[in-house]
Number of protein chains: 2
Amino acid sequence: MALKQYLLIPGPTPVPPEVLSAMSHPMINHRSSDFKTVMTEVTEGLKWSYQTKNDVYILTASGTGAMEAAIINTLSPGDKVLIVNIGAFGSRFVKIAKAYGLNIDEIKVERGRSADPKLIEQKLKEDKSKEIKAVIFQQNETSTGVLNDVKSIAAAVADHGALSIVDAVSGLLTADLKTDEWGLDVVASGSQKAFMVPPGLSFVSMSEKAWKAYGSSKMPKFYFDLGAAKKFAATGETPWTPCLSIAFGLQVSFKMLKSEGLENIFKRHAKLSQAVRAGVKALGFGLLADDSCASKAVTAVVPPAGIDAEALRKACREQFGVVLAGGQEDLKGKIFRIGHLGYADKMDVVTAFSALEIVGSQMGAKIKMGSSIAAVEEIIK
Amino acid sequence: MALKQYLLIPGPTPVPPEVLSAMSHPMINHRSSDFKTVMTEVTEGLKWSYQTKNDVYILTASGTGAMEAAIINTLSPGDKVLIVNIGAFGSRFVKIAKAYGLNIDEIKVERGRSADPKLIEQKLKEDKSKEIKAVIFQQNETSTGVLNDVKSIAAAVADHGALSIVDAVSGLLTADLKTDEWGLDVVASGSQKAFMVPPGLSFVSMSEKAWKAYGSSKMPKFYFDLGAAKKFAATGETPWTPCLSIAFGLQVSFKMLKSEGLENIFKRHAKLSQAVRAGVKALGFGLLADDSCASKAVTAVVPPAGIDAEALRKACREQFGVVLAGGQEDLKGKIFRIGHLGYADKMDVVTAFSALEIVGSQMGAKIKMGSSIAAVEEIIK
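Quick notes on the rules
Residues numbered from 1 in each chain as written. Chains lettered and ligands numbered in written order. Predicted model: local features only at pLDDT ≥ 70, side-chain atom pairs only at ≥ 80, totals over all residues. Domains from an automatic or database assignment. Contact = placed C-beta atoms within 7 Å. Helix = DSSP H or I, 4+ residues; strand = E, 2+ residues; numbered from the N terminus. Nonpolar A, V, L, I, M, F, W, Y, C, P; charged D, E, K, R; others polar. Least-squares fit on C-alpha atoms with pLDDT ≥ 70 in both. Axes fitted to C-alpha atoms, helices over the stretch in contact; angles between N-to-C directions. Parallel < 35°, antiparallel > 145°, perpendicular 65-115°, else oblique. Left-handed = near helix turned anticlockwise from the far one by under 90°. pLDDT = per-residue confidence, 0-100.

## A closer look at the domain arrangement of chain A
All names here are of chain A. Examined at the domain level, chain A breaks down into domain 1 (6-12 + 261-380) and domain 2 (17-258). In this structure, domain 1 and domain 2 have C-alpha centres spaced 27 Å apart. Each partner contributes to the interface: domain 1 provides 24 residues, whereas domain 2 provides 26 residues. Of all the elements in the fold, those that place two or more residues in the side of domain 1 that touches domain 2 are α10 (262-283) and β12 (298-302). Residues of the side of domain 1 that touches domain 2, tallied by class, amount to 14 nonpolar, 6 polar and 4 charged.

## Concerning the relation of the copies chain B and chain A
When chain B is brought onto chain A, the operation consists of a screw motion whose angular component is 180° and whose axial shift is 0.0 Å, with 0.0 Å RMSD remaining. Expressed as a symmetry operation, the mapping of one chain copy onto the other fits a two-fold axis. Of the C-alpha atoms belonging to chain B, the one lying closest to the rotation axis is found on B:Ala61, 2.6 Å away. Most of the interface of chain B is mirrored in chain A, where 100% of its interface residues are also at the interface.

## Things to note about the interface of chain B and chain A
One widely used convention gives an interface's size as the accessible area the parts lose upon coming together. In this complex, chain B contributes 44 residues to the contact, which on the side of chain A involves 44 residues. Put simply, the parts of the chain that give the side of chain B that touches chain A at least two residues each are α1 (17-22), α3 (63-72), α4 (88-99) and α9 (244-260) of chain B. Residue contributions to the side of chain B that touches chain A peak at 4 residues, all from α3(B). By residue class, the composition of the side of chain B that touches chain A is 24 nonpolar, 17 polar and 3 charged.

## Structural notes on the packing of helix α12 (residues 346-362) of chain A against helix α13 (residues 371-380) of chain A
Residue and element names in this part refer to chain A. Relative orientation of the contacting elements α12 and α13 amounts to 165°, with a least axis distance of 9 Å. Considering the angle they form, α12 stands roughly antiparallel to α13. Of the two elements, α12 crosses α13, and the hand of that crossing is right-handed. Seen from α12, the contacting residues are Lys346, Val349, Val350, Phe353, Ser354, Leu356 and Glu357; seen from α13, they are Ser372, Ile373, Val376 and Ile380.

## A short note on the confidence of the model for chain A
In the predicted model, chain A carries a mean pLDDT of 97, and 100% of its residues have values of at least 70. Among the prediction metrics, the complex's ipTM stands at 0.97, with pTM recorded as 0.97.

This is the structure:
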């Protein structure tokens, strides 16, 4: 028998069978009332997830498309922006900003740490002439497994008056994010993370302040022009033919998510994160991020000296079908990552640690068999 | 029982059940060797469809995203381009070009007619200083049901030296298009047309000359940067997380298409186009496009005076589940369109005409029941 596969990467995440099944829906006219009903339901689910009354627009694109849309719809070439870079996706924001000619002030944070809201507050206080038009940051940094304190950062940004542009692609639904209450102007997310559907759609919310910025934005745009998205969203449509199949899937996944409830979804992710971290400690492996800023979506693990992260991943995959993620940028080969977001539950974590105990031992780590599972069980019981 | 639905619009097109079923494939790592195998197979299928040895890049976006990518990867703001506008998608190219600050010379053709290659040749001959950097045109104009003479236009462009940028979103596989032999530099297409899969992925091919133009292009870009796509395509990957589900579907649809063979696919589309046109004439309805430039993908029909195209579409849909497309731009309400591309066969055409005979009669057209079906049968027998 071919190996069963256990997908523990931070996206694409596993998809419930009932969602996969819904995606087999035959094609219908994307401008029909039937599909408008689907889009209206999905948009309602997005607003619920975002905790917002703002419009949330649906783009047929990867999360990176939504990150780009967030920038090009609110800024103009030469605008000064403060980019908080705590990992590979922070670096991606820097690259997008460079591609579009923004004037970048970057706070680069040591990998594995979260941004210090006080430092951001300080930077913004020094900007007396209000040159900084936007502060751009991640809710959850997928590459390091770090959760930023979005609420505190947003408060500092609101005091200053700049726009807050947040990449919540991997973070949304894994930890609380109150778009309206915290005053987040533009929030990007993507379908293949905690929404429990495959990649193909991404999402952007826009506050009233963001729309005001849109009015004076001089960035060239067409496919990602949210003005067109707004016009069509008013009648439950998108300007361009969307990926209908993912929308059919979202219809089902939102039913599942809503019946679980936001608080329970956050608790589930927090519990899995806690279980994974307990397991890693029991294995004697290192954690890249401190407990205080630990992501609820993904955990970055530092294997002991002498154990190559890539070789360990390969063995887990080939022997047990357990698929883990590798390191990105400078962390490639130095860490591996365990995804525990979306359609992930307690036994997925048990599975991962069983593979890690066996493979870690084979590779020379001193591991008492069952010890990390015991630590996991203490949390999930 | 709820009405069965018969989808006869020019996209999204019907999807074979085995393709829909393949799209229920569980998620896997998009950077795994398993998925690279899928991408390599799909890319091979695309090259076969495009009749090219050039790379064909896979974008997670609607066809409009591929049209935009074609422009922003080869041109710079202020560049002069000749846009051949024969319908709504020609107008869309004008809008994209405006959004990106191109200097536009437009040939606007009466709706329902194809572009005259001689007129384009003349325009290009007058451009002695070689200011025109690209000629941008459609293979198949979806809004009017018109097929351009791509080969002749491309020959005129090649003589001049400008780039030929072709929107083959709805046309590819419905009629012959020899990317390499005809010297087409950039060709855009989309998954939801003759490829027989849902929307979500679009495609762009780039010739060597297009890559040379890329080197000096100054358009800002990130998500649609084909330089990144090229780098990742070398190892069977995409720079950003792609819509895996559609790729799984394409794997199956390419098996079906290849076993049919390019020539047979073209013949099937030509035959259906011929059958639809015979049926329309027998109904006593008008054809927007002349036989000489008739699209093989979609037919635009002018109902007799006194019959509103939108009311007729509504009745066909509500009484028989037969879904037809409406007019776009100035043609809204004046025409309706019958899509016959992708997973479309002879009996789909029969279905459409049966509904049109009944509904047309109800609305006061003088139709002899069975007459248009007889005309269709003469072609498909």
